[in-house]
Amino acid sequence: MRLILLGPPGAGKGTQAKMLDEKFRRPQVSTGNILRKSIQNGTELGNRAKIFMNAGKLVPDDVVIGLIKERIVEEDCQAGFILDGFPRTIVQAERLTETLDEMCLSIDVVVDFEVESEELVSRLTGRSTCLDCGAMFHRTSCPPLKVGVCDSCKGELCQREDDKEDTIKKRLEVYEHETAPLKEYYRKQGNLKTVQGSGTVEEIFSRVCAMVS
């Protein structure tokens, strides 16, 4: 099982990826987590990524693709993996397809989460993120046991700048312009499946499982 999870910011991709990982034992491959780990470990690609990040620039696609390739050849990914948050553009999707072709691999299912923009804004403005481990919480749907403190590592929780309303609306505009076209790209490949992303986490997970099992 090799999956890609698509959807706008706040659609719940990260939450569903973690649940799929737990149920099917297929690792969640998040570019953010890969970047952090590679930088901490001082790998060649991690050091290259750090240079761009320290300069306030986007990490080039070839570096990100290289990091993903390094991750999915690890032993725990041999039976499959779940790509969360990548690709984000048609160019990235094409590069990913080329890389997987070279590895004699392919994506089985691309799950596209559809959620109304009003609900996305509500979800994201209530979200807080751990400054240390990156864990996410929500004031109504997934509150921390102690306000402002991460359940996992006891780090400080804060609202990210990109989870404030004005920024969210801009992020959604960018998604529609840059990432939404991926739906047509994967529809042409015949592996796109759309899931209704509203409802409880468990209801959404049940729909996803029915698509990928």
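To keep things clear, this report deals only with the structure shown in the data block.

The rules we used
Residues numbered from 1 in each chain as written. Predicted model: local features only at pLDDT ≥ 70, side-chain atom pairs only at ≥ 80, totals over all residues. Heavy atoms only, no water. Buried < 20%, exposed > 50% of the residue type's maximum accessible area, 1.4 Å probe, protein only. Helix = DSSP H or I, 4+ residues; strand = E, 2+ residues; numbered from the N terminus. Pairing = 2+ DSSP bridges. Expected span 1.5 Å × (residues − 1). Arc of directions from axis to C-beta.

## As for the pairing of strand 1 (residues 2-6)
Of all 5 residues making up strand 1, 5 are buried, and the element is well covered by its neighbours. Here strand 1 shows no split at all, with Arg2, Ile4 and Leu6 on one side and Leu3 and Leu5 on the other all buried. Pairing between strand 1 and strand 3 (residues 81-84): 4 bridges, direction parallel. The residue bridging Ile4 from the neighbouring strand is Leu83, located in strand 3. The sheet contact formed by strand 1 and strand 4 (residues 109-114) spans 4 bridges and is parallel. Following the sheet pairing, Leu6 is matched in strand 4 by Asp112.

## Section: unusual backbone geometry
The omega torsion across Phe86 and Pro87 is 5°, close enough to zero to call that bond cis. Within the secondary structure layout, Pro87 lies in the loop between strand 3 and helix 5 (90-102). Positive phi, normally seen in glycine, also occurs at Cys104, with a value near 60°. As for its placement among the helices and strands, Cys104 is situated in the loop between helix 5 and strand 4. Positive phi, close to 70°, is recorded for Lys154, a residue that is not glycine. For Lys154, the position within the fold is in the loop between strand 6 (136-138) and strand 7 (157-158). Using a relative accessible area of 60% as the deciding quantity, one classes Lys154 as exposed.

## A closer look at helix 5
Relative to the 18 Å expected for 13 residues at 1.5 Å per residue, helix 5 spans 18 Å between its end C-alpha atoms, a close match to the ideal helical length. Every buried residue of helix 5 is accounted for by Gln92, Ala93, Leu96, Thr99 and Leu100. When helix 5 is viewed along its axis, its buried side chains cluster within an angular range of 125° and face the same direction. Looking at the residues trailing helix 5, positive phi occurs at Cys104, about 60°.

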